[in-house]
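# Commentary on secondary and tertiary structure
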Amino acid sequence: MKFNTKTIHGGQEHDKAYGAVMPPIYQTSTYAQSTPGGHKGYEYSRTHNPTRNALENAFASIENGQYGLAFGSGLAAIDAVIKLLKPGDEVISTNDLYGGTYRLFTKVFEDFGIKFHFIGMENADKVESFVNENTKLIWAETPTNPMMNIIDIRALSKVAKKHNLLLGVDNTFATPYLQRPLDLGADIVMHSATKYLGGHSDVVIGALVVKDEELAERLYFIQNASGAICGPQDSFLVLRGIKTLHVRMQRHCENGKAVAEYLENHPKIEKVYWPGFESHPNHDVAKKQMDDFGGMISFVTKGNDYDEAIRIVENLKIFTLAESLGGVESLAGHPASMTHASIPKEEREKTGVLDSLIRLSVGIEDASDLIADLEQAIG
Ligand SMILES: *Cc1c(COP(=O)(O)O)cnc(C)c1O
């Protein structure tokens with residue numbers, strides 16, 4: 001089955017009771033038993049729920065995996081991965097990681113004796129130099145947020161295999177429409193399905209997908225034991241979102257390209273970060289591992305003025321000033337005052353998050369309206 005068919009049919013079967021084309025929302029915590037243990041595969045909804053299972057099968061199908069798991073948020077999914085580890089274990093991760101993941105690693109799991117190394121991952125040899133006998137996991141994100149760096153998943157997977165480590169990839173920004181980490185050698189792929197998979201800014205959900213049965217069993221055990229699952233209504237919303245993922249992503253990519261090119265030629269813009277440009281430092285890797293370049297773009301203005309950046313994001317009318325990304329509507333964010341405000345200026349500027357950096361999640365509106373909106377806001 002091709003990707004554009006999998007988004008609609010992958011892992012799905014028609015409802016056995018009445019033939020409903022969409023899986024019903026099984027809004028129930030428990031299931032009747034005819035005799036103790038005499039049930040139809042469902043006992044209690046923390047462990048299994050038919051609507052959630054339909055979503056988990058869809059996750060597995062679109063990421064070319066065998067097993068999917070759905071969680072109450074993207075961070076709950078990452079939390080389950082780190083619970084595979086023990087005190088003393090070490091993790092190598094990226095230095096411009098999603099802020100919430102960084103907070104989970106440093107403010108929660110470091111207290112449990114797990115050690116994290118945050119490094120630039122563009123060079124796999126450098127990653128390998130951080131491997132020691134305690135290393136258990138490489139956790140990567142590509143493209144990164146908000147600097148749009150690209151990490152070579154296949155090169156990381158060679159390091160992971162050589163040293164018998166797990167490789168996990170947060171595929172939230174790319175989605176499987178653009179990049180399929182399991183095919184590139186990753187062991188675990190993770191999503192904040194809150195973003196592109198859900199696609200409509202109306203739900204918070206996380207996903208994991210794996211191929212290996214034993215790894216899946218350990219993760220299902222943690223999912224049930226820790227209990228950070230999502231409800232049936234939210235599962236339904238993400239299932240509905242996935243059915244249009246391929247058509248939405250196609251438009252996100254087209255609009256992203258149009259907006260990136262417009263900004264690149266704007267006299268007031270200093271630099272545009274988008275992996276589709278040949279001048280992007282990792283463009284060759286992006287071309288190799290991604291099918292297109294997506295709708296996430298960051299840029300800085302000439303003069304790098306904090307107040308001017310605030311004025312631009314306030315003036316936008318079609319782009320909404322908001323956290324998050326990946327919905328049908330265009331959003332803009334100012335990392336220095338929003339997502340990265342808690343990081344000292346000197347620290348954030350080291351990774352490129354300058355005062356005037358603006359991040360766009362380009363939606364699927366008409367590209368000419370989006371460009372006109374930027375034109376009037378930038379002035
Ligand atoms: C939003 C996001 C997360 C966290 O997901 P939630 O659903 O908000 O918990 C993790 N990684 C990336 C790249 C994200 O954008």
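Keep in mind that what you see is a predicted model, and the values were worked out from it rather than measured.

Quick notes on the rules
Residues numbered from 1 in each chain as written. Predicted model: local features only at pLDDT ≥ 70, side-chain atom pairs only at ≥ 80, totals over all residues. Heavy atoms only, no water. Phe/Tyr/Trp six-rings, centres within 6.5 Å; stacked < 30°, edge-to-face > 60°. Buried < 20%, exposed > 50% of the residue type's maximum accessible area, 1.4 Å probe, protein only. Pairing = 2+ DSSP bridges. Helix = DSSP H or I, 4+ residues; strand = E, 2+ residues; numbered from the N terminus. Axes fitted to C-alpha atoms, helices over the stretch in contact; angles between N-to-C directions. Contact = heavy atoms within 4.5 Å. Patch = residues over 30% accessible without salt bridge, like charges linked within 9 Å, V, L, I, M, F, W, Y side chains within 5 Å. Areas by Shrake-Rupley, 256 points an atom, 1.4 Å probe, with all protein chains shown as cover. Salt bridge = Lys/Arg side-chain N within 4 Å of Asp/Glu carboxyl O. Lys, Arg positive; Asp, Glu negative; His and termini not counted. Charge placed at Lys NZ, Arg CZ, Asp CG, Glu CD. Domains from an automatic or database assignment. Buried area = accessible area lost by both parts, 1.4 Å probe.

Counted according to the given criterion, the structure contains eight aromatic pairs. Considering the side-chain rings of Trp 274 and Phe 277, the 5.2 Å spacing of their centres and the 75 degrees angle between planes classify their relative orientation as edge-to-face. Exposure remark for Phe 277: the relative accessible area of 11% places this residue in the buried category. Clustering of aromatic rings is evident, with ring pairs tying together Tyr 102, Phe 105, Phe 116 and Phe 118.

Time to look at the sheet that holds strand E3 (residues 115-119). Read from one edge to the other, the open sheet built from seven strands follows the order E1-E7-E6-E5-E4-E2-E3, with strand pairing classed as mixed. The strands lining the two open edges of the sheet, one partner per strand, are strand E1 (67-71) and E3. The average undirected angle you get between the axes of adjacent strands in this sheet is 20 degrees. Where strand E4 (residues 135-141) and strand E5 (residues 166-170) come together, five bridges link them in parallel fashion. Pairing of Trp 139 across the sheet is with Gly 168, part of E5. Packing of helix H8 (residues 213-226) onto the sheet brings it into contact with E1, E5, strand E6 (188-192) and strand E7 (206-210), and relative to E1 it is tilted by some 20 degrees.

A few words on the pairing of strand E12 (residues 358-361). Judged by which residues are buried, E12 turns out to be covered on both faces: Ile 358 and Leu 360 on one side and Arg 359 and Ser 361 on the other are all buried. Two strands pair when backbone bridges link them, and strand E9 (residues 296-301) and E12 are joined in this way by four bridges, in the antiparallel orientation. Paired with Ile 297 across the bridge in E12 is Leu 360. Bridging between strand E11 (residues 331-333) and E12 involves three bridges; their strand directions are antiparallel.

Another aspect to go through is the environment of Pro 23. Counting through the fold element by element, Pro 23 comes out in the loop between helix H1 (3-9) and helix H2 (50-62). You can call Pro 23 buried: its relative accessible area is 14%. Linking Pro 23 and Pro 50, residues 27 residues apart in sequence, is a C-alpha distance of 8.1 Å. In this structure, Pro 23 is in contact with Gln 12, Ala 54, Phe 236 and Leu 239, ignoring residues within four places of it in sequence.

With that settled, the discussion passes to a negative patch on the surface. A cluster of acidic residues, Asp 212, Glu 213, Glu 214 and Glu 217, forms a negative patch on the protein surface. With respect to the helices, strands and loops of the structure, Glu 217 is situated in helix H8.

One can find Asp 170 in strand E5. Given the relative accessible area of 6%, Asp 170 is considered buried. Once the C-alpha coordinates of Asp 170 and Pro 143 are considered, the two residues, 27 residues apart in sequence, prove to be 9.2 Å apart.

On to the domain arrangement of the protein chain, then. Split into domains, the protein chain comes out as domain 1 (3-242) and domain 2 (245-378). Taking only C-alpha atoms into account, the centre of domain 1 sits 26 Å from that of domain 2. Roughly 3,000 Å² is buried in total at the junction of domain 1 and domain 2, and carbon and sulfur atoms are behind 62% of that figure. If you sort the residues of domain 1 by the area they bury against domain 2, Met 147, Leu 178 and Tyr 196 come out on top, with a joint share of 26%. At the junction of domain 1 and domain 2, the tally comes to two salt bridges. Across the salt bridge formed by Asp 152 and Lys 288, the nearest N and O atoms sit 3.4 Å from each other.

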